[in-house]
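# Chain and residue survey
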Amino acid sequence: MKTLKLALLASACAAFAPFATAQDLTIGIAASPTSMDPQFYVVGPNSAMARNIFDGLVNQDELQQIQPALATSWETVDETTWEFKLREGVNFHDGSSFGAEDVVASINRVPLAATNSPSSFVPYVEGIANVEAVDEHTVRITTDTPTPLLLNNLSRIAIMPSELEDVPSSTLNGGDKVIGTGPFEFVSWLPDSVVRLSRNEDYWDGPAEWENVTYRVFTNSSARVAAMLSGDVDMIESIPTADVSTLRNQDGVEVVTQSSNRVMYLHLDQDRANSPFAAGPDGENPLRDVQVRRAISLSINREALVERIMDGQGIPAGQLVPEGYFGHVPEIELDAYDPERAQELLAEAGYPDGFDLTFHASNDRYPNDSLIAQAIGQMLTRVGIDTEIVTLPASVYFSRASALEFSFIMGGAAVETGEASGVLGPLLETYGETSGQGNRGRYSSEAFDQALQTARMTIDDAERKALLEEAMRIAMDDLGVIPVFFLANTWAIEDGLSFEGRSDGYTLAYDVKGAQ
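Quantities reported herein were computed from a predicted structural model and do not represent experimental measurements.

The rules we used
Residues numbered from 1 in each chain as written. Predicted model: local features only at pLDDT ≥ 70, side-chain atom pairs only at ≥ 80, totals over all residues. Heavy atoms only, no water. Helix = DSSP H or I, 4+ residues; strand = E, 2+ residues; numbered from the N terminus. Rg over C-alpha atoms; globule rule 2.2 N^0.38 Å. Buried < 20%, exposed > 50% of the residue type's maximum accessible area, 1.4 Å probe, protein only. Salt bridge = Lys/Arg side-chain N within 4 Å of Asp/Glu carboxyl O. Phe/Tyr/Trp six-rings, centres within 6.5 Å; stacked < 30°, edge-to-face > 60°. Pairing = 2+ DSSP bridges. Axes fitted to C-alpha atoms, helices over the stretch in contact; angles between N-to-C directions. Contact = heavy atoms within 4.5 Å. Core = buried A, V, L, I, M, F, W, Y, C linked by side-chain atoms within 4.5 Å. Parallel < 35°, antiparallel > 145°, perpendicular 65-115°, else oblique. Left-handed = near helix turned anticlockwise from the far one by under 90°. Nonpolar A, V, L, I, M, F, W, Y, C, P; charged D, E, K, R; others polar. Arc of directions from axis to C-beta. Polar contact = N/O pair within 3.5 Å; in protein donor to acceptor, adjacent residues only side chain to side chain. Expected span 1.5 Å × (residues − 1). Patch = residues over 30% accessible without salt bridge, like charges linked within 9 Å, V, L, I, M, F, W, Y side chains within 5 Å. Areas by Shrake-Rupley, 256 points an atom, 1.4 Å probe, with all protein chains shown as cover. Lys, Arg positive; Asp, Glu negative; His and termini not counted. Charge placed at Lys NZ, Arg CZ, Asp CG, Glu CD. pLDDT = per-residue confidence, 0-100.

## A closer look at the overall build of the chain
Looking only at helices and strands, one finds 14 helices and 18 strands in the chain. Whereas a compact globule of 516 residues would reach a radius of gyration of roughly 24 Å, the chain reaches 24 Å, a difference of no more than 12%. Taken along its principal axes, the extent of the C-alpha atoms in the chain is 85 × 55 × 40 Å. The burial tally for the chain puts 57% of its 516 residues in the buried class.

## Points about the pattern of salt bridges
For the structure shown, the criterion picks out 17 salt bridges. Measuring nitrogen to oxygen at the nearest pair gives 2.8 Å for the salt bridge that ties R294 to D335. Here R294, found in helix α7 (residues 290-298), pairs with D335, found in the loop between β14 (314-316) and α9 (339-348); they are 41 residues apart in sequence, far enough to count as distant. With relative accessibility at 16%, the residue D335 sits in the buried group. For the salt bridge of E348 with R341, the shortest nitrogen-to-oxygen distance reads 3.2 Å. The network of salt bridges with common partners includes E331, K465, E469 and R473.

## Looking at the packing of aromatic side chains
As enumerated under the stated definition, the model contains 15 aromatic pairs in all. Ring geometry for F277 versus F406: centroids 6.4 Å apart, planes at 55 degrees, classification tilted. A residue pair is termed long-range when its members are at least 10 positions apart, and F277 in the loop between β12 (253-268) and β13 (278-279) and F406 in the loop between α11 (394-402) and β17 (408-414) qualify at 129 residues. Relative accessible area serves as the criterion here: at 29%, F277 is assigned to the partly exposed category.

## Looking at the sheet that holds strand β7 (residues 138-143)
Within a sheet, neighbouring strands are paired by backbone hydrogen bonds and run either parallel or antiparallel to one another. If you trace the 4 strands from one edge of the open sheet to the other, you get β4-β5-β7-β6, paired in antiparallel fashion. Either end of the sheet is taken by a strand with one partner, and the two such strands are β4 (71-78) and β6 (128-135). Shown here is a sheet whose adjacent strand axes are inclined to one another by a mean of 20 degrees, direction ignored. As paired elements, β6 and β7 share 6 bridges and run antiparallel to each other. Looking at the pairing, V131 lines up with I141 of β7. Taken strand by strand, helix α2 (residues 100-113) contacts β5 (81-86), β6 and β7, and its axis lies near 165 degrees from that of β6.

## A word on the nonpolar core
Core analysis: the largest hydrophobic core is formed by 49 residues, its most contacted members being L266, L287, I296, F359 and F408. Of the residues forming this core, the biggest block, 6 residues, is contributed by helix α10 (residues 369-382). In contact with L287, not counting residues within four places along its chain, are L268, D269, Q270, A278, V292, R293, I296, F355, L357, S407 and F408. Within the second largest apolar cluster, 34 residues are counted, among which are I29, I53, A208 and A509.

## Things to note about the packing of α7 against α9
At a minimum axis distance of 8 Å, the contact between α7 and α9 shows a crossing angle of 165 degrees. By the angle between their axes, α7 is roughly antiparallel relative to α9. The handedness of the crossing between α7 and α9 is left-handed. Two secondary-structure elements touch here, α7 through Q291, V292, R294, A295 and L298 and α9 through P339, R341, A342, L345, L346 and E348. When grouped by side-chain class, the residues that make up the contact of α7 with α9 number 7 nonpolar, 1 polar and 3 charged.

## Looking at the pairing of strand β9 (residues 194-199)
Counting buried residues in β9 gives 5 out of 6 residues, a clear majority hidden from the surface. Here strand β8 (residues 184-190) folds back onto β9 in antiparallel fashion, the turn holding 3 residues, of which D192 has a positive phi close to 65 degrees.

## Concerning the pairing of β5
Here β5 lies mainly inside the structure; 5 of its 6 residues are buried. As paired elements, β4 and β5 share 6 bridges and run antiparallel to each other. Within the sheet, the bridge partner assigned to E75 lies in β5 and is E83. In textbook terms, the turn of a hairpin is the stretch between consecutive antiparallel strands, and for β4 and β5 this stretch comprises 2 residues. Bridge count for β5 against β7 is 5 bridges, and the pairing is antiparallel.

## Observations concerning helix α5 (residues 221-230)
Listing the buried residues of α5 in full gives R224, V225, A227 and M228. Projection of α5 onto a plane perpendicular to its axis shows the buried side chains occupying an angular sector of 155 degrees, all on one side. Buried positions along α5 lie against β1 (24-29), β11 (235-237), α6 (244-248), β12 and β18 (481-494). Sitting at the amino-terminal end of α5 is N220, which places a side-chain oxygen 3.0 Å from the backbone nitrogen of S222. Looking one or two residues past α5, G231 carries a phi angle of roughly 85 degrees, positive in sign.

## Some thoughts on α10
Over its 14 residues, α10 runs 20 Å from end to end, which matches the ideal 20 Å to within 8%, given 1.5 Å per residue. Of the residues making up α10, those classed as buried are D369, I372, A373, A375, I376, G377, M379 and L380.

## Brief notes about the packing of helix α12 (residues 421-428) against helix α14 (residues 461-478)
Direction vectors running N to C along α12 and α14 enclose 40 degrees, while the axes themselves pass 11 Å from each other. As far as their axial angle goes, α14 and α12 are oblique. Note on packing geometry: the crossing formed by α12 with α14 is left-handed. Here S421, L424 and L428 of α12 lie close against α14, whose contacting residues are L468, A471, M472 and A475. Each residue belonging to the contact of α12 with α14 can be placed in one class, and the counts come to 6 nonpolar, 1 polar and no charged.

## Let's talk about a negative patch on the surface
On the surface, a cluster of negative charge is made up of E62, D251, E254, D495 and E500. Looking at the element boundaries, E254 is found in strand β12.

## Structural notes on the confidence of the model for the chain
Of the residues in the chain, 95% have a pLDDT of 70 or more, and the chain-wide mean is 92. Confidence drops under pLDDT 50 across residues 1-22; counting only partners more than four residues distant or on other chains, this segment forms 15 contacts.

## As for the side chain of R262
Relative to the assigned elements, R262 resides in strand β12. A polar contact of 3.3 Å, which involves the side chain of R262, links it to the backbone oxygen of G412. Residues within four places of R262 in sequence aside, it is in contact with G44, R365, Y366, G412, A413, A414, F485, F486 and L487.

Below, the structure is given as structure tokens:
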């Protein structure tokens, strides 16, 4: 951390208001944002970066609870009508004033921004029938049906100036028109390398402590740790599990750990009779058989993965949301490691000698992702599934996975809305133009869809919770995806700075506090 000190502090200055010391903060991040358009692609690195620059009508705090942001209050006029009172005196980074028309334009822009998106924000707004400016500081949103999760959904939608309603993502990705109301202003972006921000001196929640923030991308975990140890950065995220103890014992460095909402899971091609990388002796796709999927789940020693590969930095998962989140089902039991039963199920499914499988995974997106894939591949091979492992850089892997080029893949999904529908919908809802955008296995269940869709329209919390739990049970009985474990979020930070950590794993410069 470099501090620009005042050269002179004469007593003659005492009559003037005190200066805030200008400071720079450099943060090492594990994955590069792929777009500067905050409405283009629902993926962690993009969403985290956007939160530095943009606000929603409401924001999520460090534990994903909804907090007022550009809206100071709201009320339900009736079951399908919400009215929001907007924060007054707020300006965008270009100096234009924020008002109701900006909210209308921002929500209306989401479908345009979805063009060519691997996973768009459309599901968060598709239930909105109309949004109108009642006056300069009042917005009324009408939904097609009762939408109890409207606030959660709106926390995902960045508010931009109304003039950008028809501006394509390519403009923002070129470094133009990246304009929000957030605590930092966009300066520059070099993909896969660096993002530079500067302080918004007029931020409505008070200016950040840092005049300039530099996010440096270190997809190589060892390079990220080395940068921290050498003092090249003030903070890093996603500490490799093997380096946690090293950093904890390093003078001048503090390690911050926060339980994560991100589940590592396996997606299986359940749609195609002939899949490119999964074939039994008859050439057909074995992954369509629920007994085969259960055999795969039983062949995975989740506890060993957490303890040996993740050095204890994780929690084995038997469903898609962690304990304490709305929609978690306490009675769903974790599949115990049982290779013998896995082999029996394979035989019952008609594969007594197993089958051939290629397992594709990223090698630079999640902590130890390549090592995890290798370990899972070995476990599958032990029960008779002859598994080849292919790992790819995230920049290549995810686009190919979205194009359905693979049969069996690993991914990570965060509970973006703070409740179960935020992960159930993208991963498991029947794929359509605006649904199941992250459903790369093309799982489809009418009963699951019905429970999830009804939950989205149910205002009563108890009834909605029961419906989400029903959807979770259906999906886990079918093993539409196979949960493996929840990650832990970790950061290392220079001694003298403080950061509380976030369950969503976002590394937000505004939350970093300096020594007082």
